[in-house]
Amino acid sequence: MELMEMEDINCNEKKCTGDFIPLRSAPTDYQENKENQIKCLGYSRNKILTIITCVLCAFTMGFLLLIFYWKPNWRLKMMYSRCDLQDAEAALIQDIYCREHVKFIQRHELDEEKREITITESRGILKRETVIDNEIRFFCYQNMKYIWDPANSTFFLLRSPELKATCAEFHERFQAGLSTKEVETRQEIFGLNKITITVKPIFVMLIQEVLNPFYVFQVYSVSVWMAFEYWNFAVCIIIMTIISLTTTLYVTRKQSKTLRKMAESFSDVTVLRPDEGTVRKTEDQLVPGDVIVIPPRGCTMTCDAVLISGTCIVNESMLTGESVPVTKVSLSSENTTTVQREIYSPETHKRHTLFCGTQVIQTRQSGNEMAKAVIVQTGFSTKKGTLVRSILYPRPMEIKLYRDAMMFVASYITLAFIGIIYSTCVLIANRTSPRLIVLLTLDSITVAIQPLLPVALTIGMLYAQLRLKKKGIFCISPQRINLSGILDVVCFDKTGTLTENGLDLLGFHRVTTNTFLPIETAANLLLSCPFLHTMATCHSLAVIDGTLLGDPMDLKMFEATGCSLEETQENSNRDGTQQITRVIPSATSDKHMSPFAILKQFTFSSSLQRMSVIAQSETSNQLAGFVKGSPEMVRMLCKPGSIPDKVDSLLTKYTSEGLRVLALAWKPLGDVTSNDFNNISRDELESNLIFLGILIWQNRLKSESAAVINELQMSNIRTIMVTGDNILTATSVADKCGMLSPEDTIIQVNMPIEEGTSNQLEYKMLSRDEHNRDVHVEGEPNEEYCLEPHHGKTGKDHYCLDGKTFDFIQEHCPDALPSILVKGTVFARMTPNQKQHLVEALQQLEYCVGMCGDGANDCGALKTAHAGISLSEAEASVASPFTSKIANITCVPMIIKEGRAALVTSFGLFKFIALYTCIMYVAVNITKKFGSYPSSLMFTVWDIAIATTIVLLMSRSGPYDEICKTTPPTRLLRAPNMFSLASHIFVLTATQIASVFLVQSQTWFIPFIPDPDEARLASLETTVVFLVANFQYVMYGILFTPGRPYRQPITANPLYIVDLILVTLLCLFLLFAPLSGLESFMTMEHIPEVKFRFKILALCFGNCLVSFVIELFIIPRVSVQKMLRCWRRERKQKYQEISQIANHDLQVAWHDV
């Protein structure tokens, strides 16, 4: 089925409110992203409205068609009438960002031969009646298919039914695969398994680009200038337009080809068919429900599939930016009530899911069972397809600068119409010819609306993007650069971001007879014991091409044992050949340490906080289960009698020192034979364990972290730690890196001990050891503290909480969430989804949020944040807008500085363009009063020689060395800005009028006699206004060049300095030493008196002096700022109001919910 392109209608950034239709999948509701919610309205063609619209199109000479091209929703509303969705020919879709999209409803007629089969099968697959009058009605939106459901009178998002299958069903229903008839039916419904990126022909791209409003206005302007015989200026604009068009087409086509190269794939896949056996099919023939065989040497996944047998080693760097291979294990086939009822979810069961676009490096089969997987998503519904769609249809970012710029454009359009009325009246009074009246009137629009405005709003970001690239920071979304300049808070992952990526094994405590032994450091010298066996077997390491690969912590732990790993093929009595991972003791290890075979593995899960394996000693043939994980989780699974009494104090001691602790446990499986271990469930294995001891890991703080955190906090940018580690470990690291000051109060927020008994949150004070800055709990664990306001306290209050408490607050105490968020500094034991929810919650409080992480478990948060920064070796990752090759957080202040520089550059250029327009507008209308008009070369000097060079070179200045405490303004329509522009407009207008009166007062002045048929004749008024305007352009270019505290001073931009000197010399040359031939060529009237030229210069200098005093001395005054704020009071952000209330009365922040 051919996919339609999305038509963007409205680009308001703020979210709409109202009732939205959640996108659902068959057979039952599928929980979707909030962004995938729409309103859908039906429209059918109205013949009368269509006829009226056609007449209007003819009356406007086709201009209305151009409007319809820009605004398809206008066309829909003018030619169609509202109707029920069941009768609709087209759908008007509105997303949560108030953008409207038009989609025409398509009808797919079923073949006569396949009709009954398709109706029956589709009813069974989708659990809906989707066929009406032998056809299926649907539309495609953002490359996703929506099918009409007549029973529920709604369109539903087509999703694979396997997404709602239970884990047990994957083994019961899909072991043998789909029959040929089932595949044909599913292909009819789901279409081809392709991620198709269309690269448009150059001619089509050229036409579409030319129809852009900017280029349409350029065509209009050039047409008017050519009719006016402004050949020089028109040719310059045409050349610039061609260069701009060529560059735009080249970049757009290159990006499309790059995206297509990333998305496209051509491969054959082995598929199981019950009626055909094992067959090879091209990837585009795959459908949800197909069972595919993963080859032993791996492959690139072309769909999302859940593994039902075997094990795979997968490189997911394409999706996450994390190059460490991960192990994927088969979905459990246990015949237990829990597993039978557990619904498959790609997020919950991602350790069992092979995602499209990832590289399977190696597979291991289970006995004679090949590595098999059931396809659950195809095409754009896959993980890779979702990422491609996020690039094709990015989420709009709220940039108030652009919204205000559009309002300015609207005001300039109004100004243009005022100019048209004024020009018509003045020209008629001067008895100008009708032809000249029409041309000058049309030209008034080109004067009021300047084509340099889009360049001014984007060029600062482009320069910043290039500077970041030179520093090893890559950006795939340039608009995020401006947003990074106004960040209020930055969230940091801990491991690999604030601390070193690898952890060092500091030591371990073993347990003997319910007592912890003293700390030991040499695991390779231990006698054979379960503790050593757990270290040697409980990991997800794999040998690939002779190299041991896997999680860095697992590598360190395994290397400490001195053992080696090898993979062999073993013969099983029951299952035939099976690939086994063997742990081989080193030659120097104790002679009682026998080799172990790792038979089964339950991989690490963020939600379970543990992993486990079943291993067999090759000497005794006895099986045992070995478990490692967080101490909190492992101790819950152990027999109470095996846990030492001092475990809490020991854990508190190490975690408060910022050390990471893992607990080890085991369980002998004496009654289980090597043939029956596959029947052991994870729950069965991970119960009634024997506690073995703890491993202590040192995760050193990166040398750059403390300095960067201090720099951000000194700049009033809040810092938050979001980690999966223990809360005391995270708090200790936050303390050591400077997120918590010595005088601050640290408060741990806990959910009630017995969930469901009360919604009262518990608060516990944490105190420091001032000598080594370790953090520990005051008093006994679980002791509740009543917190009162701290009178006379100088520090701040910081909340720290874990993921379970965060979820509890969201569900049971939503009123307390805002106050928790504005004071929360440490969020520990957070899962990837919880990290994303935290970023979304901060954004709802109107924080501009940055997120910095390693790109693995932080993908959701990185994509959701306004400025997500992934620390990755890849040049660019789709996991986040920014990707830094710098392996520490020094990239964060770099991006913030560049963002602020780009933002103030856009502000400065916008104010310059605003006054540049006003200078030209006033000059042109003054000269019209006297029947004259600036010549083509005068416009060339204004637009090309002065304005364009200033715009292009002003933006080259880099960011300032330090981050200022205040963020740059984000609104153009602020009272100080409006007062500034109004003041300068008054001054420049008065200066130009004064120059005209000054020249008219001279004794040698000869009044200009207008020619009804020619306006481009030399006159003293036009000449004087032209000379004054030259100096005004240069003056305001200098005045609005931003410098400290956000950008380097103007002296740090030598090319710009040279340009300013050259254009100033040009202005002085035209004023004092114009050659007679040049005056004639420029259509300038000769000024006979040198003294008068100095008067013009003095007048310009006065204009400069007054403008600089207004901008540099009057506007910044505190009294003026207060007066202007009273005129238009600015609303505080939500988080500022909440923080103010919490600081005024801590009882409000800690109220009883």
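Cut-offs used in this document
- Residues numbered from 1 in each chain as written.
- Predicted model: local features only at pLDDT ≥ 70, side-chain atom pairs only at ≥ 80, totals over all residues.
- Heavy atoms only, no water.
- Helix = DSSP H or I, 4+ residues; strand = E, 2+ residues; numbered from the N terminus.
- Polar contact = N/O pair within 3.5 Å; in protein donor to acceptor, adjacent residues only side chain to side chain.
- Contact = heavy atoms within 4.5 Å.
- Pairing = 2+ DSSP bridges.
- Core = buried A, V, L, I, M, F, W, Y, C linked by side-chain atoms within 4.5 Å.
- Buried < 20%, exposed > 50% of the residue type's maximum accessible area, 1.4 Å probe, protein only.
- Axes fitted to C-alpha atoms, helices over the stretch in contact; angles between N-to-C directions.
- Parallel < 35°, antiparallel > 145°, perpendicular 65-115°, else oblique.
- Nonpolar A, V, L, I, M, F, W, Y, C, P; charged D, E, K, R; others polar.
- Expected span 1.5 Å × (residues − 1).
- Phe/Tyr/Trp six-rings, centres within 6.5 Å; stacked < 30°, edge-to-face > 60°.
- Lys NZ or Arg CZ within 6 Å of the ring centre and 35° of its normal.
- pLDDT = per-residue confidence, 0-100.
- Disulfide = S-S within 2.5 Å.

Bringing the side chain of R610 into the picture now. Of note, R610 is situated in strand 30 (residues 610–617). In terms of polar contacts, R610 uses its side chain to reach the side chain of E686, at 2.5 Å. With sequence-adjacent residues up to four places away left out, R610 is seen in contact with T603, F604, S605, K628, G629, M633, L637, R682 and E686.

A few words now on the sheet that holds strand 14 (residues 299–300). Pairing in this open sheet of four strands is antiparallel, and the strands run 14-19-16-17 from one edge to the other. The open sheet has two edge strands with one neighbour each: strand 14 and strand 17 (326–329). Relative to strand 19 (residues 359–364), strand 14 is paired through two bridges, and the arrangement is antiparallel. Its bridge partner being in strand 19, T300 is matched across the sheet by Q359.

Turning our eyes to something else, we now look at the nonpolar core. Within the largest apolar cluster, 132 residues are counted, with the highest numbers of intra-cluster contacts made by F492, F882, V892, F1026 and Y1036. Sorting elements by how many residues they give to this core places helix 29 (residues 891–929) first, with 22 residues. Residues contacting V892, with those up to four places away along its chain left out, are V490, F492, L712, C852 and I869. Listed in part, the 35 residues of the second largest apolar core include M751, Y799, F806 and F827.

Before going further, it helps to spend a moment on the packing of helix 13 (residues 400–429) against helix 29. Two quantities define a packed helix pair, namely the angle between the helix axes and the distance between the axes. At a minimum axis distance of 11 Å, the contact between helix 13 and helix 29 shows a crossing angle of 5°. When the interaxial angle is binned, helix 13 and helix 29 end up roughly parallel. Here L401, A405, F408, Y412, L415, I418, G419, Y422, S423 and V426 of helix 13 come into contact with helix 29, specifically with L903, S906, F907, F910, A914, T917, C918, Y921, N925, K928 and K929. Tallied by class, residues from the contact of helix 13 with helix 29 come to 14 nonpolar, five polar and two charged.

Looking now at helix 13. The end-to-end C-alpha distance of helix 13, which contains 30 residues, comes to 43 Å, matching closely the 44 Å that a straight helix rising 1.5 Å per residue would cover. For helix 13, every residue scored as buried is listed here: L401, Y402, D404, A405, F408, Y412, A416, G419, I420, S423, V426 and L427. Along its buried surface, helix 13 packs onto helix 14 (434–448), helix 15 (453–470), helix 16 (479–484), helix 29 and helix 31 (975–1000). One or two residues past the end of helix 13 sits R431, with phi positive at roughly 60°.

A full pass over the atoms with the stated rule returns 23 aromatic pairs. One aromatic cluster in this structure is built from F912, Y916, Y933, F939, W942, F1026 and Y1033. The ring of F355 has K383 lying over it, and the distance from NZ or CZ to the ring centre is 5.5 Å. One residue, K929, lies across the ring of F930, its end atom 5.9 Å from the ring centre.

When pLDDT is low, close inspection of the predicted coordinates is not appropriate. In this model, the protein carries a mean pLDDT of 81, and residues with pLDDT of at least 70 account for 86%. Scored below 50 in pLDDT, residues 17–32 shows 48 contacts in the model against residues more than four places distant or in partner chains.

Now for the environment of L937. Positionally, L937 belongs in helix 30 (residues 936–954). In the structure, L937 is positioned 707 residues away from Y230 in sequence and 8.1 Å away in space, judged by C-alpha atoms. Not counting chain neighbours up to four residues away, the residues in contact with L937 comprise N232, F1081 and M1082.

Below, the discussion takes up the state of the cysteines. Tallying each qualifying case throughout the model produces zero disulfides. We note that C312 lacks a disulfide partner, and the nearest cysteine sulfur, in C299, lies 7.8 Å from it. Judged by relative accessible area, C312 falls into the buried class, the value being 0%.

Our next topic: the sheet that holds strand 11 (residues 268–273). Spatial strand order, 12-11-13-20-15-18: six strands in an open sheet with antiparallel pairing. Whereas interior strands pair on both sides, the edge strands pair on one side only; in this sheet they are strand 12 (277–282) and strand 18 (353–354). Where strand 15 (residues 304–309) meets strand 18, two bridges bridge the pair, whose relative direction is antiparallel. Across the sheet, the residue bridging to V306 is T353, located in strand 18.

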